[in-house]
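Given next are the chains, with one letter for each unit.
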Amino acid sequence: MNLPQSFIENMSEILGPELDEYLESYEKPKFTGLRVNTSKISVEEFERINPFKSLRRVPWTPNGYYYTEEDAPTKHPYYYAGLYYIQEPSAMTPASVLPIEEGERVLDLCAAPGGKATELGAKLNHTGLLVANDASASRTKALLKNLEVFGLPNILVTSEMGDKLDRYFHEYFDKILIDAPCSGEGMFRKQAHMIPAWERQGPEVFSKMQREILDQAANLLKPGGTMLYSTCTFSKLENEGSMDYFLSNHPEFHLEEIPWCEGFCPGKPELVGSKFPLEHCVRLFPHKIDGEGHFLALLTKDGERTPNAMEGAAKSAKLPAELEDFLKDVSMPLEKTQIQVKDTKVFLMPEGLKGCKGLRFLRSGLYMGELLKKRFEPSQAFAMVLKKQEYASVIDLPAVDVRILRYLKGETIEIEDGESTRDAGWQLVCVDGYPLGWGKLIRGTLRNKYFSGWRMNA
Ligand SMILES: C[S@@+](CC[C@H](N)C(=O)[O-])C[C@H]1O[C@@H](n2cnc3c(N)ncnc32)[C@H](O)[C@@H]1O
């Protein structure tokens, strides 16, 4: 690996005599991980049905596992059922460390493509509100897909800068994750193509962005709220430097200790001559753990946290008859006053979401489906939010049944007598009890309603 000389010098300042060990880590294996979606399946149940041979626990994340490539988890139907997310093991740490309680309002300010937002949403477990934002409008498309595959209904996906969000959500959030844009030094081992980008735009550029984003986040957080700052870089400027800047300018914040795990290293205040206890921050190095480089800081804002008021509750309008008809077969707990029809599209709005007119957003709430000529066509996202027992007619096939892969490829499949609860109409297609999508059964043939943009090999 050809590392820039100036990078090696920076690392030498950070690591001292450990530099050689770090440089040798470039010869070590690279690790791949998957994180279980606990809003769909418990870790115990996942271990029971686990179809992979190579899984081994990630020590710092209760629902994280290493796997090796021969297991190919992205090709397994459980991936399409949203039972797990593929994530680099160190990148599991930030969302795991930020404490989330059900019912909270949570903001992921730099969320795309959603590795951490999916975990924050899973921890909310269909309660509260997750605002997943990213400045890049194109990257928010992948973010929305990942949140929908995970079956998360209570979301608002925006593409704004933090100062614009502040006009709508000043001191609104209980918890904020700032997984900041950074120079990516922690990923050099895995993604060597990041090195030329680092040479063009390095820590100086990113530290300016990070400071701006941190200032914005401070305004968005409730007094008494907690936020987590993370990067995947080693640079002292972007890590201890950004934290020293932030704490100097925001005396209302203090650092919290992060639960310790073997191999974690403390932040180093001496690198930037800081008077703050930056040793409470955590640094991850690939020569210390089985994972890549990361930095984490957990910060709490002084004050008493106020309970969340139910703002913006929707008006209870009469629902169209075809929608009412479809919902007779749905037993998911669902507050009908939260359902909004916009033109032909039907949405289930999260409780307590303020109006967001004027914000650039990709999704607000759960897109339930569309009203077409005298019928309601349920969406792919709606299928992913449901549990098997929450829809009246189900076709549940085992993962080893070849029809599952054919269904995921968008093909029409044949259904035997007794394989569906009802012998005609809408069916929730499941793999081993976990919903994949919709189909419409007509005389033993299932018309495939799996969303074309999500098909296997699409
Ligand atoms: C490290 S990535 C986030 C990765 C994401 N948290 C995940 O786990 O999948 C940083 C993100 O910040 C976004 N970004 C850059 N500047 C931003 C800003 N000022 N406000 C919000 N997002 C920004 C980038 O588009 C990028 O997607």
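You'll find the structure just up there.
The present account deals with the structure reproduced in this document. (Residues numbered from 1 in each chain as written. Predicted model: local features only at pLDDT ≥ 70, side-chain atom pairs only at ≥ 80, totals over all residues. Heavy atoms only, no water.)

For the protein chain, the count of helices and strands is 14 helices and 23 strands. The dimensions of the protein chain, computed from C-alpha atoms along their principal axes, are 70 × 50 × 35 Å. A burial count over the protein chain gives 58% of its 458 residues as buried. Accessible surface, the protein chain: about 19400 Å² in total, of which carbon and sulfur atoms supply 51%. (Helix = DSSP H or I, 4+ residues; strand = E, 2+ residues; numbered from the N terminus. Buried < 20%, exposed > 50% of the residue type's maximum accessible area, 1.4 Å probe, protein only. Areas by Shrake-Rupley, 256 points an atom, 1.4 Å probe, with all protein chains shown as cover.)

With that settled, the discussion passes to the sheet that holds strand β3 (residues 64-67). Taken in spatial order, the 4 strands make up an open sheet running β2-β3-β1-β4, and their pairing is antiparallel. Of all the strands in the sheet, just β2 (56-57) and β4 (84-86) have a single pairing partner and so form its edges. Lying over the sheet, helix α6 (residues 115-124) contacts β1 (32-36) and β4, oriented at roughly 25° with respect to β1. (Pairing = 2+ DSSP bridges. Contact = heavy atoms within 4.5 Å. Axes fitted to C-alpha atoms, helices over the stretch in contact; angles between N-to-C directions.)

Attention shifts here to helix α7 (residues 137-149). Given a rise of 1.5 Å per residue, 13 residues ought to cover 18 Å, and the 19 Å separating the end C-alpha atoms of α7 matches this to within 8%. Once α7 ends, the next one or two residues include Gly151, with phi positive near 75°. (Expected span 1.5 Å × (residues − 1).)

Around the ligand, the structure places 18 residues, and the nearest of them are Cys110, Gly115, Asp134, Arg139 and Asp179. Within the backbone of Gly115, an N or O atom sits 2.9 Å from an oxygen atom of the ligand. In this structure, Ala135 approaches the ligand through a main-chain N or O atom, which is 3.2 Å from a nitrogen atom. Taken by itself the ligand offers 600 Å² of open surface, and the protein chains cover 84% of this. Counted by class, the shell around the ligand contains 10 nonpolar, 4 polar and 4 charged residues. (Near = heavy atom within 4 Å. Polar contact = N/O pair within 3.5 Å; in protein donor to acceptor, adjacent residues only side chain to side chain. Nonpolar A, V, L, I, M, F, W, Y, C, P; charged D, E, K, R; others polar.)

Bringing helix α1 (residues 5-15) into the picture now. Where α1 is concerned, the buried positions are Phe7, Ile8, Met11, Ile14 and Leu15. End-on view of α1: buried residues confined to an arc of 120°, all on one side of the axis. On the buried face of α1, the contacting elements are α2 (19-24), α9 (194-200) and β12 (282-284). Looking at the residues trailing α1, positive phi occurs at Gly16, about 55°. (Arc of directions from axis to C-beta.)

Judged by side-chain charge, Asp20, Glu21, Glu24 and Glu27 come together as a negatively charged surface patch. Here Glu27 is to be found in the loop between α2 and β1. Its relative accessible area of 68% is what places Glu27 among the exposed residues. (Patch = residues over 30% accessible without salt bridge, like charges linked within 9 Å, V, L, I, M, F, W, Y side chains within 5 Å. Salt bridge = Lys/Arg side-chain N within 4 Å of Asp/Glu carboxyl O. Lys, Arg positive; Asp, Glu negative; His and termini not counted. Charge placed at Lys NZ, Arg CZ, Asp CG, Glu CD.)

So, on to unusual backbone geometry. The omega angle of the peptide bond from Ala112 to Pro113 is 5°, so this bond is cis rather than trans. By secondary structure assignment, the location of Pro113 is in the loop between β5 (105-108) and α6. For Asn125, which is not glycine, the phi torsion reads 55° and is therefore positive. By the secondary structure assignment, Asn125 is in the loop between α6 and β6 (129-133). Notably, Glu171 is not glycine yet its phi reads approximately 45°, a positive angle.

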